[in-house]
Amino acid sequence: MAPSLYWWAKETHKGTPVVVKMENPNNWSMVELESPSEEDFIYPNDAIPKGGRNKNAKQLTWVLLLKAHKAAGCLTSIATAFFSIAAIIRRRVASGLTDSTDDSSTENPTIKSRFYICIKACLWLFLILLCFETVAYFEGWHFGTADLQLQRLYSLTNPFVVKTVFDSLYSNWVLIRVEYLAPPLQFLANVCIILFLIQSLDRLILCLGCFWIKLRNIKPVAKQDLEDLESGDGDGYFPMVLVQIPMCNEKEVYQQSIAAVCKLEWPQGRLLIQILDDSDDPTTQLMIKDEVYKWQQNGANIIYRHRVIREGYKAGNLKSAMNCSYVKDYEFVAIFDADFQPSPDFLMQTVPHFKDNEELGLVQARWSFVNKDENLLTRLQLINLAFHFEVEQQVNGIFLNFFGFNGTAGVWRIKALEESGGWLERTTVEDMDIAVRAHLHGWKFIFLNDVECQCELPESYEAYRKQQHRWHSGPMQLFRLCLPAIIRAKINIWKKANLISLFFLLRKLILPFYSFTLFCIILPMTMFIPEATLPSWVVSYVPAAMSFLNILPAPKSFPFIVPYLLFENTMSVTKFNAMISGLFQLGSAYEWVVTQKSGRSSEGDLISLVEKPKHQRGCSEPNLEEMREEIIHHEQQAFRKKQHNRIYTKELALAFLLLMASARSLLSAQGIHFYFLLFQGVSFLLVGLDLIGEQVG
């Protein structure tokens, strides 16, 4: 018989070999591996048509085994991550650290607990209602019908129908809902929907304005270039500039900020740097003072100031510095927070805009972030701040010549500060305060979107939460104080309307109000009072569209659009609480906590800052290795004194509230409402357990 007839008995095989490299079960690779074709199974090895390649079935077996191993590895990784998260949660619960045990907060404990008590009361009410509704569901009350259960109610009115005690109770509950609870809830929902649509329209108009600016390439242009930098003479425009860096116990970042401002390109005789140290830690004071002395020895015109009486926080610090007798010799002041690192040409790009523009009071630069990819929290912050600078500030600067001063990375005309009343300690947003008063006095502002200043984003949820509380309570304080001045101001009616209706009410008050009320209170309540409804487009389509618009200035953040939407609603509880505190002068409205810094500056940043500084002959340059060792030493000290992650009770209570509402929605088979409530509840749960942001213990 021909050998080809015994192909199944052959032991030799032709085909592409399989090469498997495996260092360990989780690290393997394949080389020269091809999938078998149909010919491998139809033709024997010696009978493959000419031009075809011979493969064997063992290749398919290897592929399936390796794919199965890879899937098992993925499942193992998921299980490991799950157990790791469970262990973190267990340690966090066992530690007993909550936001109520935070000693750094100056908020009145009684006031602080009121909001939480209200949420906890709603939580218990929803739990009782969920149990009640679940029993009703199994008793035959069909929640998915569109007739609001009227058929069931009508059947119970039949005298021949035997009503149980539960049917009587539930039928009365349904009537109470229809007659008394649903109408006011629906009215409040409609009001919030209208506010939501108005705010969405405002955001859309801002985006269209930004698109028009990009399309027409509109941007502020300086009238004259700077020349003759070394002497400051000739035709160049080199006014006297004062640089201020207010800081308070920020030993993680003082070196890089001082080094950055000492590298600013400006005639030495026309530049003075003030380090305004409000630190109450003697060690930090000594470290900052030594750093200033080091740069003085290298020829920098820099001085160190420390207040004995520390009143008024940052505003008091700046006010005290402006009272120095030598300030009268300076025309402009540039302000940088302690974590900001301006580029050497910062003044060269900003100060020229004041030339021949006597109405200009402020030039504001954009922020950039050295740690924007550090964790999920910093990535989500980047989306918000990119929209704030790229859209809000740029559009308002181009079309209105007004926006809120960011408190840093800006250059002020000192005359504008003095005519507007100077720095006041009456609120926690002294930057917005001086900007509003300067606008009422007729000064114009310019925003430079193409001039960036590096800084840090808060990496822990605790630091971010405190920052947002200050940023949202302060504007409401300011609104109460400034409203009479706005009404009396000698500016046109459109500027007054913009300040009151858009700048304060819509963007500072209405936004946190409807965001929290609509999505965290009304929506879950409509699950238990289904006679009041929220349309699906309010729950999903419009929020998704607004999130899409928000994320446009940061296109690399598109993969985070869903987490961003959920996180913004989660932060609404903090923003709403802060807004109420500021509006009604509650204790937490005056809370000021310096945002925690990590000092994230790469070695390349340090090299660029200390490379070739202008110094006097015979003086030594700052030692890079010494700076690095000192930073590492400070980081080790900070690690020993690190703060632990906490459990946030309000967020956790709202998480369970939303999850119960999603369970009630599941009984009604309401689709999009269920998924929104479920994912929003999980988002609150992650934030409440402090699983977002830096994990320190």
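Residues numbered from 1 in each chain as written. Predicted model: local features only at pLDDT ≥ 70, side-chain atom pairs only at ≥ 80, totals over all residues. Heavy atoms only, no water.

*Asks:* Could you give an account of the packing of helix H5 (residues 165-216) against helix H15 (residues 536-551), naming the residues involved and the relevant values?
*Replies:* Two numbers describe how H5 lies on H15: the axes approach to 10 Å, and their chain directions differ by 25 degrees. Classified by the angle between their axes, H5 and H15 sit roughly parallel to one another. Considering how the two elements wind past one another, H5 and H15 form a crossing that is left-handed. Between H5, through Ile193, Phe196, Leu197, Ser200, Arg203, Leu204 and Cys207, and H15, the contact on the second element is made entirely by Trp537, Val538, Val542, Pro543, Met546, Leu549 and Asn550. Residues belonging to the contact of H5 with H15 are distributed by class as follows: 11 nonpolar, two polar and one charged. (Axes fitted to C-alpha atoms, helices over the stretch in contact; angles between N-to-C directions. Helix = DSSP H or I, 4+ residues; strand = E, 2+ residues; numbered from the N terminus. Parallel < 35°, antiparallel > 145°, perpendicular 65-115°, else oblique. Left-handed = near helix turned anticlockwise from the far one by under 90°. Contact = heavy atoms within 4.5 Å. Nonpolar A, V, L, I, M, F, W, Y, C, P; charged D, E, K, R; others polar.)

*Asks:* Which residues make up helix H6 (residues 254-262), and what are the values?
*Replies:* Counting buried positions along H6 gives nine out of nine residues, so the element sits mostly inside the fold. Within the sequence span of H6, burial applies to Tyr254, Gln255, Gln256, Ser257, Ile258, Ala259, Ala260, Val261 and Cys262. (Buried < 20%, exposed > 50% of the residue type's maximum accessible area, 1.4 Å probe, protein only.)

*Asks:* Describe in detail the side chain of Gln274, supporting the description with residues and values.
*Replies:* The residue Gln274 is located in strand E4 (residues 271-277) in this model. A relative accessible area of 0% places Gln274 in the buried class. Of note is the side chain of Gln274, whose polar atom sits 2.9 Å from the side chain of Gln244. Ignoring any residue separated from it by four or fewer positions in sequence, one finds Gln274 in contact with Leu242, Val243, Gln244, Ile245, Ile303, Arg305, Ala321, Cys324 and Tyr326. (Polar contact = N/O pair within 3.5 Å; in protein donor to acceptor, adjacent residues only side chain to side chain.)

*Asks:* Which residues make up the packing of helix H13 (residues 461-488) against helix H16 (residues 561-583), and what values go with them?
*Replies:* Between H13 and H16, the shortest axis-to-axis distance is 7 Å and the interhelical angle comes to 40 degrees. Taken together, H13 and H16 sit at an angle that is classed as oblique. When the axes of H13 and H16 are compared, the crossing they make is right-handed. For the pair H13 and H16, the contacting residues are Tyr461, Tyr464, Arg465, Gln468, His469, His472, Ser473, Met476, Gln477 and Arg480 in the first and Phe567, Met571, Thr574, Lys575, Ala578, Met579, Ser581, Gly582 and Leu583 in the second. The class makeup of the residues in the contact of H13 with H16 is eight nonpolar, eight polar and three charged.

*Asks:* Give me the environment of Gly410: which residues, what numbers.
*Replies:* Relative to the assigned elements, Gly410 resides in strand E9 (residues 410-413). Here Gly410 falls in the buried class, since its relative accessible area comes to 0%. Separated by 45 residues in the primary sequence, Gly410 and Ala365 place their C-alpha atoms 5.9 Å from one another.

*Asks:* So what's going on with the pattern of salt bridges? Residues and values would help.
*Replies:* In total, this model carries 21 salt bridges according to the counting rule given. A salt bridge links Asp433 to Arg426, with the shortest nitrogen-to-oxygen separation between them at 2.9 Å. Looking at Asp433, the relative accessible area reads 0%, which means it is buried. The exposure class of Arg426 is partly exposed, given its relative accessible area of 31%. (Salt bridge = Lys/Arg side-chain N within 4 Å of Asp/Glu carboxyl O.)

*Asks:* Please provide a residue-by-residue account of the sheet that holds strand E8 (residues 360-369), values included.
*Replies:* The strand order across the open sheet built from eight strands is E5-E4-E3-E6-E9-E8-E10-E7, with neighbouring strands paired in mixed fashion. Of all strands in the sheet, those bounded by a partner on one side alone are strand E5 (302-306) and strand E7 (341-342). Across three bridges, E8 lies against E9 in antiparallel orientation. When the bridges of E9 are listed, Gln364 appears paired with Gly410. The strands that helix H8 (residues 313-322) touches are strand E3 (241-247), E4 and E5; relative to E3, the one it contacts most, it runs at about 145 degrees. Packed on one face of the sheet, helix H10 (residues 376-399) meets E8 and strand E10 (444-455) and runs near 155 degrees to E8. (Pairing = 2+ DSSP bridges.)

*Asks:* A description of a nonpolar patch on the surface should follow, citing residues and the corresponding values.
*Replies:* Together, Phe211, Trp212, Leu215, Phe399 and Leu400 line one region of the surface with nonpolar side chains, adding up to about 540 Å² of accessible area. Ranked by residue count, the leading element in the nonpolar patch is H5, at three residues. Tracing the chain through its elements places Phe399 in helix H10. Taking the relative accessible area as the measure of exposure, Phe399 reaches 45% and is therefore partly exposed. (Patch = residues over 30% accessible without salt bridge, like charges linked within 9 Å, V, L, I, M, F, W, Y side chains within 5 Å. Areas by Shrake-Rupley, 256 points an atom, 1.4 Å probe, with all protein chains shown as cover.)

*Asks:* So, unusual backbone geometry: which residues are in play, and what are the values?
*Replies:* Here the phi dihedral of Tyr313 falls at roughly 55 degrees; this positive angle occurs in a residue that is not glycine. Within the secondary structure, Tyr313 sits in helix H8. The partly exposed category is assigned to Tyr313, whose relative accessible area is 42%. A positive phi angle, near 60 degrees, is found at Ala409, a position not held by glycine. Secondary-structure assignment places Ala409 in the loop between H10 and E9.

*Asks:* Residue-level account of the pairing of E3, with values.
*Replies:* Across the seven residues that make up E3, a large majority, seven, are buried. Here E3 shows two buried faces, one formed by Val241, Val243, Ile245 and Met247 and the other by Leu242, Gln244 and Pro246. One ladder, built from seven bridges, connects E3 with E4; its direction is parallel. In the strand pairing of E4, Leu242 is matched with Leu272. Read as a crossover between parallel neighbours, the route from E3 over H6 to E4 is right-handed. As judged from the four bridges shared by E3 and strand E6 (residues 332-335), these two strands associate in the parallel manner. The residue bridging Leu242 from the neighbouring strand is Val333, located in E6. (Right-handed = clockwise from strand over helix to strand, strands pointing away.)

*Asks:* Can you tell me about the UniProt feature "transmembrane region" (unreviewed entry) in the chain, naming the residues and giving the values?
*Replies:* Sites flagged by UniProt as "transmembrane region" (unreviewed entry) map to residues 115-138, 187-213, 509-529, 541-567 and 647-666. Secondary structure content for residues 509-529 is 95% helix and 0% strand, while the C-alpha to C-alpha distance between its ends is 27 Å. (UniProt positions renumbered as here; feature names shortened; annotations may be inferred.)

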